[in-house]
Structure formats: C-alpha cells, structure tokens
Amino acid sequence: KPVNYGTSAAPIGGVDVQVSVSSHGLFEKTTKVCTMTVKGDGTSALGTCEHGTFELSRRSNDPPTIDPADIAEIGKLIYDAVEDTQAVIDTSVDWAGAVPHGITDWTQLENWKGPVQSDSYYIEFKNGIGMKLTKFAWRFVWKYGGDMNGVGKYVTQAGIDIDTAYAYL
C-alpha cells in the first residue's frame, strides 16, 4: 500500500516494489521474494529479502477533489518476474507508483526526475549437486519527484530492470 513519508504540507509518496522469482527443482517448486521501498524524494530502502542464495469510477462530471497528502497506488504493486524458470515480466505494464488519490495517470504531475536505480540484486537456484538451475539478477528502478502544482514528491514507474535471466532447461 502506498504511504506518505512526508507531511500533509509536503507529502513524499512511497511504494513497496516486490520481486518474486520461482523455479521448479527436481521435486518441488521454490519461490524467493525481495522487496524495496522507493520514495518520491529519490531515496530507497531495501526491505525484506529471503536469505539463502540472494545477494475509480466517478458518477458526476465534477472534477475530483485532490488532496496531495492522500497517497494512492497506480500501476501494479506485485507482479512475478520469473515463473517456472521463465521470465514473465512485462516492464511496460509491470510497474507501480504512489501519487495523490484522484490522479489516474502519472503524466498529470510535473517535474519528474530519474529514473534512478538501485544496486544489483540476484537470486540463484541450484540443484542438490550444486548445479545452477536459475539465476535472475535485477535492479530496482523508479522515477521520482513528480509534483502537483509544486506540492509533494511522488513516485512512478517503480519496477525492475533485468540484468540477467538464466535458466538451465
């Protein structure tokens, strides 16, 4: 859920981006998850990452009343990056944003900066004899600093940029 990390007078939108990677081993399916919080001021914080091999419809024609401090999600908060050792991410639609509630398109805001990107992270699955079955490496990326009439700092197009997607089939 999007969060206001600032104040009512100077809102800073933030959203958690979660990456899910799954692989079928010899006997079972394994899924690993990693989360990063990205914020409208351009900062980020690595959240929960599993250990192991990681490194609105309107009825009236009146325009909506928009409170810059009321943060809403646009895009997709959760999506799969790899399913059954195959990349399934579509970066044109698999992204999230945190903007004022009532904004339906991030381009309604101004002064976007970035994109910025995080360090690279990866997940690797190996079989029982140590052979690499899957490696998926990515960076979290997002645009930040969008404002509404000079108020707030919001996030859009928060997602991942794939560095490596390898699967032994």
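This report concerns the structure included in the present document. (Residues numbered from 1 in each chain as written. Predicted model: local features only at pLDDT ≥ 70, side-chain atom pairs only at ≥ 80, totals over all residues. Heavy atoms only, no water.)

### Topic: the overall build of the protein chain
Moving on, step 1. Counting secondary structure elements, the protein chain contains 0 helices and 11 strands.
Moving on, step 2. Counted from the first residue to the last, the protein chain has its helices and strands arranged as β-β-β-β-β-β-β-β-β-β-β.
Moving on, step 3. Out of the 169 residues belonging to the protein chain, those deemed buried represent 41%.
Moving on, step 4. Per element, the accessible surface of the protein chain, about 9300 Å² overall, is 48% carbon and sulfur. (Helix = DSSP H or I, 4+ residues; strand = E, 2+ residues; numbered from the N terminus. Buried < 20%, exposed > 50% of the residue type's maximum accessible area, 1.4 Å probe, protein only. Areas by Shrake-Rupley, 256 points an atom, 1.4 Å probe, with all protein chains shown as cover.)

### Observations regarding the packing of aromatic side chains
Moving on, step 1. This structure, assessed with the given rule, holds 5 aromatic pairs.
Moving on, step 2. Over the ring of Tyr5 we find Lys39; its NZ or CZ atom is 4.5 Å from the centre of that ring.
Moving on, step 3. Lying across the ring of Tyr122, Lys135 places its NZ or CZ 4.6 Å from the centre. (Phe/Tyr/Trp six-rings, centres within 6.5 Å; stacked < 30°, edge-to-face > 60°. Lys NZ or Arg CZ within 6 Å of the ring centre and 35° of its normal.)

### What about the nonpolar core?
Moving on, step 1. Val38, Trp138, Phe140 and Trp142 are the most contacted members of the largest nonpolar core, which has 22 residues in total.
Moving on, step 2. Secondary-structure elements contributing two or more residues to this core are strand E2 (13–24), strand E3 (29–39), strand E8 (96–100), strand E9 (113–126), strand E10 (132–148) and strand E11 (151–167).
Moving on, step 3. Counting residues per element, this core draws most heavily on E10, which supplies 5 residues.
Moving on, step 4. Counting 8 residues, the second largest nonpolar core, distinct from the first, contains Trp106, Trp112, Met148 and Tyr154. (Core = buried A, V, L, I, M, F, W, Y, C linked by side-chain atoms within 4.5 Å.)

### Looking at the pattern of salt bridges
Two side chains with opposite charge may pair up if their charged atoms get near one another.
Moving on, step 1. One pass over the structure, following the stated rule, counts 1 salt bridge.
Moving on, step 2. For Arg139, the salt bridge goes to Asp163, with nearest N and O atoms at 3.5 Å. On the criterion of sequence distance, the pair formed by Arg139 in strand E10 and Asp163 in strand E11 is long-range, its members being 24 residues apart.
Moving on, step 3. Residue classification places Arg139 among the partly exposed residues on the basis of a relative accessible area of 25%. (Salt bridge = Lys/Arg side-chain N within 4 Å of Asp/Glu carboxyl O.)

### Remarks on unusual backbone geometry
Moving on, step 1. Going from Gly114 to Pro115, the amide bond is cis rather than trans, its omega being 20°.
Moving on, step 2. Turning to its location among the elements, Pro115 is positioned in strand E9.
Moving on, step 3. The backbone of Asn111 shows a phi angle near 65°, a positive value even though the residue is not glycine.
Moving on, step 4. Turning to its location among the elements, Asn111 is positioned in the loop between E8 and E9.

### Focus: the environment of Ile12
Moving on, step 1. Tracing the sequence through the fold places Ile12 in the loop between strand E1 (3–4) and E2.
Moving on, step 2. Taking relative accessible area as the criterion, Ile12 reaches 18% and is therefore assigned buried.
Moving on, step 3. C-alpha separation for the pair Ile12 and Gly40, spaced 28 residues apart in sequence, amounts to 5.3 Å.
Moving on, step 4. In this view, Ile12 contacts Val3, Asn4, Tyr5, Gly6, Lys39, Gly40, Asp41 and Lys153; residues no more than four positions away in its chain are not counted. (Contact = heavy atoms within 4.5 Å.)

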